[in-house]
Structures are given as C-alpha cells and as structure tokens.
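Structural overview
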Amino acid sequence: MRWEQLFTDLEAQFAARAAADERLDEPSRVRAEHGRVRLVDRLRGAVGSPVSLRCPGAGELAGRLVDVGVDWVLLADTGGREVLVATRAVAAVAGLTAVTAGAAGESAVDRHLDLRRALRGLARDRAGVQCLLADGGVLTGTIDRVGADFLELAEHPLDQPRRRGAVTGVRAVALPAVVAVRTA
C-alpha cells in the first residue's frame, strides 16, 4: 500500500514538473515560431484586404492587396490601376489582418514567379507604366525588355501609345532602384 502511494506521489510530482517546464518553454516556442514568419507570409494572409505600403522614394502606396509573390506585392489602387511593388522596398505596412499564411501556401510555381517575371508580363502586354524609383523619381513609358538585373523602358507620355514618334528615349533601369511599377 505504501509503495502505491509513493509511486502515485512521484507520478504527480513528475507530471507537475513537466507541466511547469512546458509553461516555461511555451513563450520561447511562440517567439521561435514568430521569428520564422516573413513579411510576405503576413501579407499573404491579408490578400483581398485594403493595405497601405510605406516605401522610401514612393511614399504611401495604398490599395486592395490582390496577390503576393516571392519578392513582389500586387495592389489594385482606387483608380483601378495595378501597382506592382518590390517587397525589398517596403519599409512598413498598415492594414494587415490577424491571419498569417505560412510558406507552405507557396507552390513551386509561386517561388519561381519573381519580380523579373512579373515585369516581363508587363513588357509582353506592352502596357504603359509609371516606374517609381527609390530616389523619388518617376519614369513613364513602356517596358521593352527585362534583363537579369535591369529593365529597359521606352520613355514616352502615358497618354500616348508606344510609337516611334512618341518615344523620347530608351533608359536602362537597375532593378534594385525600382520601388514599384504602376499601370496607366
């Protein structure tokens, strides 16, 4: 009888110590989990919601969050224009929801659809764009091609289609200088 009480008491002490250890480890585990969350994961959880992105050189870029890629964010602004934003240029975000979407939501295709490929889509569509630069400059025209680390922009007024007579010059723009590209 005394042995059973002893074993029962030891089991209770062990369970209490294990529960206390787990309570102490819980904050560390939560902090470690939060430490693995990337900004794109937080943004992916807010798809469909209105957000505001603070970007040096471009100011506040606001709109409904349409999509999130591996290194870009797509907004639809109130004017119906699409704004492709390089996530490396985002300094702060307002309007995030409580939802966080993990990297498990990324497909292999998503991981390969980077900013260069998104810009190539704009070049293929021959869309007139405003290219917002990190130094605060704005270039307008049509993206002719996208290289490994640059894009070539045929500069022309946005109210004119890309025609030889409208093009005032062609400019190569280093991709790290591109904050966002807004469709006309």
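Scroll up to find the structure.
My aim in this report is to walk through the structure given alongside it, one point at a time. (Residues numbered from 1 in each chain as written. Predicted model: local features only at pLDDT ≥ 70, side-chain atom pairs only at ≥ 80, totals over all residues. Heavy atoms only, no water.)

Observations concerning the side chain of Thr142
For Thr142, the position within the fold is in strand S7 (residues 138-146). When near neighbours in sequence (up to four residues on either side) are disregarded, Thr142 contacts Arg126, Ala127, Gly128, Glu152, Leu153, Ala154, His156 and Arg162. (Helix = DSSP H or I, 4+ residues; strand = E, 2+ residues; numbered from the N terminus. Contact = heavy atoms within 4.5 Å.)

Describing the sheet that holds strand S1 (residues 50-55)
One open sheet accounts for ten strands, arranged S5-S1-S2-S3-S4-S10-S6-S7-S8-S9; its pairing is antiparallel. Among the strands making up the open sheet, the edge pair consists of strand S5 (92-94) and strand S9 (169-174). Between one strand axis and the next, the sheet turns through 40 degrees on average, direction left out of account. In this sheet, strand S10 (residues 178-183) lies alongside strand S4 (residues 82-86) in antiparallel orientation, the contact comprising three bridges. Directly across from Leu84, in S10, lies its bridge partner Val181. Against the sheet, helix H4 (residues 115-125) engages strand S3 (72-76), S4, strand S6 (128-133), S7, strand S8 (150-155) and S10, with an angle of about 95 degrees to S7. (Pairing = 2+ DSSP bridges. Axes fitted to C-alpha atoms, helices over the stretch in contact; angles between N-to-C directions.)

Quick look at H4
Taken residue by residue, H4 has Leu115, Ala118, Leu119, Gly121, Leu122 and Ala123 as its buried positions. Along its buried surface, H4 packs onto S3, S4, S6, S7, S8 and S10. Just past H4, the residue Arg126 takes up positive phi, approximately 55 degrees. (Buried < 20%, exposed > 50% of the residue type's maximum accessible area, 1.4 Å probe, protein only.)

Digging into the environment of Val51
Following the sequence through the fold, Val51 ends up in strand S1. Residues Val51 and Arg64, 13 residues apart in the sequence, show an inter-C-alpha distance of 6.1 Å. When near neighbours in sequence (up to four residues on either side) are disregarded, Val51 contacts Ala46, Leu61, Ala62, Gly63, Leu65, Leu75, Ala94 and Gly95.

Examining the nonpolar core
If you look at the biggest cluster of nonpolar residues, it comprises 40 residues, and the most contacted ones within it are Leu53, Leu119, Ile143 and Leu151. Among the elements that take part in this core, H4 stands out by supplying five residues, more than any other. (Core = buried A, V, L, I, M, F, W, Y, C linked by side-chain atoms within 4.5 Å.)

Some words on the pairing of S1
Sheet analysis places S1 next to strand S2 (residues 59-68), joined by six bridges and oriented antiparallel. Among the inter-strand pairings, Ser52 is bridged to a residue of S2, identified as Ala62. Linking S1 to S2, which pair antiparallel, is a turn of three residues; within it Gly57 sits at a positive phi near 90 degrees.

Here we look at the pairing of S6
Most of S6 sits out of view: five of its six residues are buried. Relative to S7, S6 runs antiparallel, the two being bridged by five bridges. The partner of Val129 across the bridge, within S7, is Gly141. Connecting S6 to the next strand, S7, in antiparallel fashion are four residues, including Gly136 with a positive phi near 95 degrees. In terms of strand pairing, S6 meets S10 through five bridges, oriented antiparallel. When the sheet's bridge partners are listed, Gln130 is paired in S10 with Arg182.

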